[in-house]
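Structural characterization, general
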2 protein chains.
Amino acid sequence: MKDIRLIEIGEELHSDNIRRAALVRERLAASGTIMINIMASPGAGKTTLLAETIRALGAEIRIGVVEADLDSQVDAQAIARYGVPVVQMHTGGFCHVDAFMMEKTLEAVNLDALDILFLENVGNLICPAQSDTGAHHDVALLSVPEGDDKPLKYPVIFKKCGVLVLTKTDYLAVSDFDRAALRGRISVLNPGMQIFELSARTGEGMEGWLDWVRSVRP
Amino acid sequence: MKDIRLIEIGEELHSDNIRRAALVRERLAASGTIMINIMASPGAGKTTLLAETIRALGAEIRIGVVEADLDSQVDAQAIARYGVPVVQMHTGGFCHVDAFMMEKTLEAVNLDALDILFLENVGNLICPAQSDTGAHHDVALLSVPEGDDKPLKYPVIFKKCGVLVLTKTDYLAVSDFDRAALRGRISVLNPGMQIFELSARTGEGMEGWLDWVRSVRP
């Protein structure tokens, strides 16, 4: 193939992002809070998974949420119903959360009251993978309707994250999604990746994910 | 809400993109080719819609395809099976196609042999909406499993495109997707937007979309 422009983008788009991410981690450490960065395509089920996680674990773990969106407060409103502290970050059109945005947002979060802070990143399978937000754990969600080929086409995010949650498994019955093919692709890209399969809507498979959240709490 | 950073990103990220998009259009005009830019989240069904469109119209319209991806040739291979010219553009990690990339890519396309050139943009509901690729028509796809709230959260792309294709309507039976709510949101954001509802997998609803493609051919 000729005449194709290849642009190499480094892990860090902004030169100071590494330094700022370290500042975010210092701040989290000072209050003993673990931050989990949830990344996925639009509509992969990030908000629903968070809501069901809060419903299941809210009594045993002090959870807070930062919702990042271009616009609207749809997700923050959905999470607020579950009675946990939630901050809506508007990125003003920006396609992902970086450490600077997170640093500013933490000024509005009472970290001392939280064991785990979830960041629901902007719905985007590409750009969020390029910035360290300061989170301790990066989690990718992939929904069954998106298809099992996504690791081939968006490899960066599937390499970066330590955990993959395959969501909307209730759609497996009406889909040609091949779970073995997905696992084969992940084993090549990121052999150590932990994989959970669940439907937050039906509750099927939630226990494995919830146990993982319990395991990383401070 | 305090301490929230709002970053205003203009319609054009690159200062010369408007000029380059005009060059792309000049080049298309010289060979009488219409370019249609297909944008959507990962897994919304862009490739399947294109494949079924080629299968239905390939005998009456000379169609070519540019597949844009971070990596892999999965989609180009899927399209090549249908016997039309296809060029795989690798963006090298870049999250969307801009006019410069398109200009370079057109050097590898025999436009004189084409009535319609489809660009399958990178799977991303955010960044592609910020760059003019030089296309004559911008089409957004939204799949039923993504949910009817997406125009609230990703308004830029739903404002930019003249056509919305609601894909994977075969999932409506197992989803709580509210088509009236979607249409209400679109009528606020972009009242002139044409909406087609279809399942490329089952063929249901394809005729409206195919008639639109016929209507824009040169």
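Just above, that's the structure.
What comes next is a walk through the structure.

What counts, and at which threshold
The numbering scheme is per chain: residues are counted from 1 as the chain's sequence reads. Working convention: letters from A go to chains and numbers from 1 go to ligands, in the order in which they are written. For a predicted model such as this one, the threshold for reporting local features is a pLDDT of at least 70, and the threshold for listing and counting side-chain atom pairs is 80 or more; totals across whole chains, interfaces and linings nevertheless cover every residue. Only hydrogens and water are set aside; all other atoms, that is, all heavy atoms of the structure, feed into the side-chain values. A run of H or I in DSSP counts as a helix once it spans at least four residues, and a run of E counts as a strand once it spans at least two, with each numbered from the N terminus. In this setup the radius of gyration rests on C-alpha atoms only. A globule is expected at 2.2 Å times the number of residues raised to 0.38. For each residue, the accessible area found with a 1.4 Å probe, counting protein chains only, is set against the maximum for its type, and the residue is called buried under 20%, exposed over 50%, and partly exposed in between. Note on definitions: angles span 0 to 180 degrees between N-to-C directions of axes, and those axes are lines fitted to C-alpha atoms, for helices only across the stretch in contact. By definition in this entry, angles of less than 35 degrees are roughly parallel, angles greater than 145 are roughly antiparallel, angles of 65 to 115 are roughly perpendicular, and the rest are oblique. In this description, contact between two residues means that some pair of their heavy atoms is separated by no more than 4.5 Å. For this classification, Asp, Glu, Lys and Arg are treated as charged, while Ala, Val, Leu, Ile, Met, Phe, Trp, Tyr, Cys and Pro are nonpolar and the rest, including Gly, are polar. The span you would expect from a helix comes to 1.5 Å times its residue count less one. As used here, buried area is the combined drop in accessible area, with a 1.4 Å probe, of two parts when they are placed together. By definition, a salt bridge exists where a carboxyl oxygen of Asp or Glu is found within 4 Å of a side-chain nitrogen of Lys or Arg.

Topic: the overall build of chain A
Looking only at helices and strands, chain A has 8 helices and 7 strands in total. What you see for chain A is a C-alpha radius of gyration of 17 Å, in line with the 17 Å of a compact globule of 218 residues. The C-alpha extent of chain A, read off along each of the three principal axes, is 50 × 45 × 35 Å. Residues classed as buried in chain A amount to 59% of the 218 residues present.

What to know about the packing of helix α2 (residues 46–57) of chain B against helix α8 (residues 206–216) of chain B
Residue and element names in this part refer to chain B. Closest axis-to-axis distance for the α2/α8 pair is 11 Å, and the angle between their directions is 70°. Overall, the two elements α2 and α8 adopt an arrangement that is roughly perpendicular. Contact residues: α2 offers Leu49, Glu52, Thr53, Ala56 and Leu57, while α8 offers Met206, Trp209, Leu210, Val213 and Arg214. Partitioning the contact of α2 with α8 into residue classes produces 7 nonpolar, 1 polar and 2 charged.

Digging into helix α2 (residues 46–57) of chain A
Residues and elements named next belong to chain A. Across its 12 residues, α2 extends 16 Å between first and last C-alpha, which sits within 8% of the 16 Å expected from 1.5 Å per residue. Counted residue by residue, α2 has 9 buried out of 12 residues, so it is predominantly covered. For α2, the set of buried residues is Lys46, Thr47, Leu49, Leu50, Ala51, Glu52, Thr53, Ile54 and Leu57.

Things to note about the interface of chain A and chain B
Each partner contributes to the interface: chain A provides 56 residues, whereas chain B provides 56 residues. Both faces combined, the contact of chain A with chain B buries some 4400 Å², and carbon together with sulfur accounts for 60% of it. At the boundary of chain A and chain B, one finds 2 salt bridges. The salt bridge involving B:Asp75 is made with A:Lys153; its shortest N-O contact spans 2.7 Å.

Considerations on the environment of B:Gly58
Checked against the element boundaries, B:Gly58 lands in the loop between α2 and β2 (63–69). C-alpha separation for the pair B:Gly58 and B:Gly45, spaced 13 residues apart in sequence, amounts to 19 Å.

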